[in-house]
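# Breakdown of the fold
Residue strings, one per chain:
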Amino acid sequence: MANGLRFKTARHLFMACPAVTRDMTALPTEQASIEFCRDLLCGRTPEEAITFCAYLLPERAAVWWAHECLNHLTELLDGKDRELLALVRDWVSEPDSPHHRAAVSKAAAMPPTTPAAWIALAAGWHDNASAMDATGLRPLPAAHAVNAGVLAGLARVALADRFSVLSAFVEMGIQMAEIEALRQSADASY
């Protein structure tokens, strides 16, 4: 399965997404991406496995993964964050809908001060990347905002439960990466 991933090795990911070095201290290796991610989870800074997943997934899938992570923490989020998660959910299901695009763009224009605000920002960056590039501004990749949102949500989890929640999020990210690889492989065969 790992051979169909977007980035076969950690080094491939780091070469394709140099911005990841701003979010991680781990150095890339020739390990398969999934193996590298699981090693990060078992390492000194397991949160870097979240970061790696954010960059490993294609942007729209990364936004969905972040939505799903935060959706597991709704009792720790306020009403505004739950509203933002609903906007993100709608955008992921119909990214070309003018209504959803407008709602996400409006949400992304707000300062990212909460976990879901970061995820809305990621969706907005994904949606407006070509417009931002045309203005000469190079935004950070949506993966940066996905990473910030998931980690901000994780910071609200009780310390005693944090590693098990972090592990579940990473495993969900790995599964999504594998599903995306299968989907892209199926799309390529048509």
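Quick caveat: nothing in here was measured; it's all calculated off a predicted structure. (Residues numbered from 1 in each chain as written. Predicted model: local features only at pLDDT ≥ 70, side-chain atom pairs only at ≥ 80, totals over all residues. Heavy atoms only, no water.)

Across its 13 residues, helix H9 (residues 142-154) extends 18 Å between first and last C-alpha, which sits within 8% of the 18 Å expected from 1.5 Å per residue. Counting buried residues in H9 gives 10 out of 13 residues, a clear majority hidden from the surface. (Helix = DSSP H or I, 4+ residues; strand = E, 2+ residues; numbered from the N terminus. Expected span 1.5 Å × (residues − 1). Buried < 20%, exposed > 50% of the residue type's maximum accessible area, 1.4 Å probe, protein only.)

Before going further, it helps to examine the packing of helix H4 (residues 47-56) against H9. Running from N to C, H4 and H9 point in directions that differ by 145 degrees, and their axes come no closer than 8 Å. Handedness of the H4/H9 crossing: right-handed. Each of Glu47, Ile50, Thr51, Ala54 and Tyr55 in H4 lies in contact with H9, whose residues at this interface are Ala143, His144, Val146, Asn147, Val150 and Leu151. (Axes fitted to C-alpha atoms, helices over the stretch in contact; angles between N-to-C directions. Left-handed = near helix turned anticlockwise from the far one by under 90°. Contact = heavy atoms within 4.5 Å.)

Quick look at the nonpolar core now. Looking at soluble globular proteins, one finds that nonpolar side chains tend to be buried together. In terms of nonpolar packing, the biggest core is built from 64 residues, with Phe52, Val63, Trp65, Val146, Phe169 and Val170 touching the most fellow members. No other element matches helix H10 (residues 159-188), which puts 9 residues into this core. Those residues in contact with Val146 that sit more than four places away from it in its chain are Ala54, Ala62, Val63, Trp65, Ala66, Ile119 and Ala122. (Core = buried A, V, L, I, M, F, W, Y, C linked by side-chain atoms within 4.5 Å.)

In a regular helix each residue adds 1.5 Å, so 13 residues correspond to 18 Å; helix H5 (residues 59-71) covers 18 Å between its end C-alpha atoms and thus fits that length. For H5, every residue scored as buried is listed here: Ala61, Ala62, Val63, Trp65, Ala66, His67, Glu68, Cys69 and Leu70.

Turning next to the pattern of salt bridges. As enumerated under the stated definition, the model contains 4 salt bridges in all. The salt bridge partner of Arg38 is Glu171, with a shortest N-O separation of 2.8 Å. You can see Arg38 sitting in helix H3 (residues 33-41) and its partner Glu171 sitting in helix H10, a full 133 residues away along the chain. For Arg89, the salt bridge identified is with Asp90, shortest N-O distance 3.1 Å. (Salt bridge = Lys/Arg side-chain N within 4 Å of Asp/Glu carboxyl O.)

As a further point, take the environment of Ala103. If you trace the backbone, Ala103 turns up in helix H7 (residues 98-108). The exposure class assigned to Ala103 is buried, which follows from its relative accessible area of 19%. Ala103 sits 17 residues away from Ala120 along the chain, and the two C-alpha atoms are 9.4 Å apart.

Taken residue by residue, the protein gives an average pLDDT of 87. The fraction at 70 or more is 88%. Segment residues 130-138: pLDDT under 50, and 5 contacts once partners within four positions in sequence are set aside and those in other chains are kept. (pLDDT = per-residue confidence, 0-100.)

In this fold, Asn147 is placed in helix H9. Among the residues examined, Asn147 registers a relative accessible area of 5% and is labelled buried. When near neighbours in sequence (up to four residues on either side) are disregarded, Asn147 contacts Asp23, Ile50, Thr51 and Ala54.

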